[in-house]
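Single-letter residue listing:
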Amino acid sequence: MKEFEYVIRDEVGIHARPAGLLAKKAKEFKSEITLEKGGKSAAASKLMAVMALGVKCGDRVTVKISGEDEDTASAEMEKFFRDNL
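Below: a short report on this structure.

**Some remarks on a nonpolar patch on the surface**
Alright, step 1. On the surface, L47, M48 and M51 cluster together into a nonpolar patch covering about 280 Å² of accessible area.
Alright, step 2. Within the secondary structure layout, L47 lies in helix α2 (residues 47-52).

Spelled out as structure tokens, the structure:
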């Protein structure tokens, strides 16, 4: 399992547009990708579940990746977060 933490820099947090992009990106991998914040977790591939976490600017999230392509998925998801969130 791979894991990384990220502090959200997007001034409105993970709202509809970036949550949709995140879900789309997560679906590219065979690995299970989970987003955690404040004791709650959501599958990154589920748009509504990600939005339900209520992630705001400045919040620290943990991204966990587990599966057969976890190395590639972890690297690409870290880049996605840096570029989009």
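There's plenty left to go through after this.
**Comments concerning the packing of aromatic side chains**
The geometry of an aromatic ring pair is captured by two quantities: the separation of the ring centres and the angle between the planes.
Alright, step 1. All told, the structure shown has three aromatic pairs when counted by the stated rule.
Alright, step 2. Where F4 meets F81, the ring centres are 5.7 Å apart and the plane angle is 85 degrees; that geometry is what we call edge-to-face. Placement of F4 in strand β1 (residues 2-7) and of F81 in helix α3 (residues 70-84) is noted, with a sequence separation of 77 residues between them. As far as the burial class goes, F4 and F81 line up, both buried.
Alright, step 3. Here F80 and F81 contribute two aromatic rings whose centre-to-centre distance is 6.1 Å and whose plane-to-plane angle is 80 degrees, an arrangement assigned as edge-to-face.
Alright, step 4. Judged by its relative accessible area of 9%, F80 falls in the buried class.
Alright, step 5. Through successive ring pairs, a cluster of aromatic residues spans F4, Y6, F80 and F81.

**Thoughts on the sheet that holds strand β2 (residues 32-37)**
Alright, step 1. Spatial strand order, β1-β4-β2-β3: four strands in an open sheet with antiparallel pairing. The strands lining the two open edges of the sheet, one partner per strand, are β1 and β3 (40-43). Taking the axes of each pair of neighbouring strands and ignoring which way they run, one obtains an average angle of 25 degrees across the sheet.
Alright, step 2. Of the strands in this sheet, β1, β2 and β4 (60-66) touch α3, which is tilted by about 5 degrees from β1.

Here is what the cut-offs are and how they apply
- Residues numbered from 1 in each chain as written.
- Predicted model: local features only at pLDDT ≥ 70, side-chain atom pairs only at ≥ 80, totals over all residues.
- Heavy atoms only, no water.
- Patch = residues over 30% accessible without salt bridge, like charges linked within 9 Å, V, L, I, M, F, W, Y side chains within 5 Å.
- Areas by Shrake-Rupley, 256 points an atom, 1.4 Å probe, with all protein chains shown as cover.
- Salt bridge = Lys/Arg side-chain N within 4 Å of Asp/Glu carboxyl O.
- Helix = DSSP H or I, 4+ residues; strand = E, 2+ residues; numbered from the N terminus.
- Phe/Tyr/Trp six-rings, centres within 6.5 Å; stacked < 30°, edge-to-face > 60°.
- Buried < 20%, exposed > 50% of the residue type's maximum accessible area, 1.4 Å probe, protein only.
- Pairing = 2+ DSSP bridges.
- Axes fitted to C-alpha atoms, helices over the stretch in contact; angles between N-to-C directions.
- Contact = heavy atoms within 4.5 Å.

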